[in-house]
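Structure at a glance
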Amino acid sequence: MARSEAGGEPGGSALGSLFDPPTEMTFKGNFEAAKACAADEDRWLMVNVQSHTEFASMQLNRDTWSSPAVQEVVRAAFVFYQPHEGLIPYFFKLDGNLK
């Protein structure tokens, strides 16, 4: 069975959904499209890199990005892009281990 971005099971428990990423404010598309969108809309690009192995990433989803006040501020001034850490070497052409 496939896992969701936050590590919970699709259609799974309410506990798992607490850690879901903020899809309602996350840019739908790739990094280049997010950069172009931010430039076109004269907003900042906010990139929040997530790791499936770091509980702190899940805590950000649960405690910070889920807040209506935070979402309002982010939507007003930023294009919000939330990739998984495994994609970062492709954006920045990095070699080797990121740790």
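Preceding this section is the structure that the text describes.
Scope of this entry: the structure provided in the associated data block. (Residues numbered from 1 in each chain as written. Predicted model: local features only at pLDDT ≥ 70, side-chain atom pairs only at ≥ 80, totals over all residues. Heavy atoms only, no water.)

Another point: the overall build of the protein. Within the protein, the secondary structure is distributed over 5 helices and 2 strands. N-terminal to C-terminal, the α/β element order of the protein is α-α-β-α-α-β-α. In the protein, which comprises 99 residues, the share counted as buried stands at 28%. As displayed, the protein offers around 6,500 Å² of accessible surface, 59% of which is attributable to carbon and sulfur atoms. (Helix = DSSP H or I, 4+ residues; strand = E, 2+ residues; numbered from the N terminus. Buried < 20%, exposed > 50% of the residue type's maximum accessible area, 1.4 Å probe, protein only. Areas by Shrake-Rupley, 256 points an atom, 1.4 Å probe, with all protein chains shown as cover.)

A separate point is the packing of aromatic side chains. Per the stated rule, a full pass over the model turns up 3 aromatic pairs. Ring geometry for Phe31 against Tyr81: centres 5.9 Å apart, planes inclined by 50 degrees, an arrangement best described as tilted. Here Tyr81 lies in strand 2 (residues 78–81) and Phe31 lies in helix 2 (residues 31–40), a separation of 50 residues in the sequence. Each member of the pair, Phe31 as well as Tyr81, carries the same accessibility label: buried. (Phe/Tyr/Trp six-rings, centres within 6.5 Å; stacked < 30°, edge-to-face > 60°.)

Here we come to the side chain of Asn48. Position of Asn48 relative to the elements: it lies in the loop between strand 1 (44–47) and helix 3 (55–65). Under the relative-accessibility criterion, Asn48 is labelled buried at 10%. Within the structure, Asn48 has its side chain in polar contact with the side chain of Gln50 (distance 2.6 Å). A distance of 3.1 Å separates the side chain of Asn48 from the side chain of Trp65, its partner in a polar contact. (Polar contact = N/O pair within 3.5 Å; in protein donor to acceptor, adjacent residues only side chain to side chain.)

Turning to its location among the elements, Phe55 is positioned in helix 3. Expressed as a C-alpha distance, the spacing of Phe55 and Phe19, which sit 36 residues apart in the sequence, is 9.5 Å. Among all residues touching Phe55, those that are not within four sequence positions of it are Phe19 and Arg62. (Contact = heavy atoms within 4.5 Å.)

Right, let's talk about the nonpolar core for a bit. In terms of nonpolar packing, the biggest core is built from 6 residues, these being Phe31, Ala34, Cys37, Ala38, Val79 and Tyr81. Among the elements of the structure, helix 2 and strand 2 are those that each provide at least two residues to this core. With 4 residues, the single largest contributor to this core is helix 2. Counting 5 residues, the second-largest nonpolar core is a separate cluster that includes Met25, Met46, Trp65 and Phe80. (Core = buried A, V, L, I, M, F, W, Y, C linked by side-chain atoms within 4.5 Å.)

Moving on, we get to helix 2. Burial in helix 2 covers these residues: Phe31, Ala34, Cys37 and Ala38. In an axial view of helix 2, the angular spread of the buried residues amounts to 120 degrees, which keeps them on one side of the axis. In helix 2, those exposed residues whose orientation departs by more than 90 degrees from the buried face are Ala39 and Asp40. Its side-chain oxygen at 3.2 Å from the backbone nitrogen of Glu32, Asn30 defines the N-terminal cap of helix 2. (Arc of directions from axis to C-beta.)

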